[in-house]
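# Geometric and topological summary
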Amino acid sequence: VTPPPAALFSRVEAVPDAELDMLVVDPEDGMKAAVTHPDYGDVKVIDEAMRASGLSVTETGTQDDAGRVVSDITIGAAR
């Protein structure tokens, strides 16, 4: 079984030009991250890949930063 942080790292690395900018793991708040990527659909690609590990990605905020997309995400158990 792949630990959730390792699963996220590998899924983000698989998206061309995507970068994991921040990762916070908190026992109460769960796992949250910020990802910079080129296309608005990239979070869906990461979510679909994470589901193979039994996890899901929920986008909680997105902004455009000089032609790049910055998404705040929360990682939880897939339903």
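What comes next is a walk through the structure. The structure presented is a predicted model; accordingly, all values stated were derived computationally and were not measured.

Cut-offs used in this document
Residues numbered from 1 in each chain as written. Predicted model: local features only at pLDDT ≥ 70, side-chain atom pairs only at ≥ 80, totals over all residues. Heavy atoms only, no water. Pairing = 2+ DSSP bridges. Helix = DSSP H or I, 4+ residues; strand = E, 2+ residues; numbered from the N terminus. Buried < 20%, exposed > 50% of the residue type's maximum accessible area, 1.4 Å probe, protein only. Salt bridge = Lys/Arg side-chain N within 4 Å of Asp/Glu carboxyl O.

As judged from the seven bridges shared by strand 2 (residues 30-37) and strand 4 (residues 68-77), these two strands associate in the antiparallel manner. Looking across to strand 4, one finds that Ala 33 is bridged to Ile 73. For strand 3 (residues 55-65) and strand 4, the ladder comprises 10 bridges, and the chain directions are antiparallel. Looking at strand 4, one finds that Asp 64 is bridged to Val 69.

This part covers unusual backbone geometry. With the exception of glycine, most residues fall at negative phi, and the peptide bonds are largely trans. Positive phi, normally seen in glycine, also occurs at Asp 17, with a value near 65°. Tracing the sequence through the fold places Asp 17 in the loop between helix 1 (4-13) and strand 1 (19-26). Phi is positive for Ala 66, which is not a glycine, with a value near 55°. Topologically, Ala 66 is positioned in the loop between strand 3 and strand 4. Using a relative accessible area of 78% as the deciding quantity, one classes Ala 66 as exposed.

For the rest of this paragraph, the subject is the pattern of salt bridges. Under the defined criterion, the tally for this structure stands at two salt bridges. For the salt bridge of Arg 51 with Asp 47, the shortest nitrogen-to-oxygen distance reads 3.2 Å. Looking at Asp 47, the relative accessible area reads 12%, which means it is buried.

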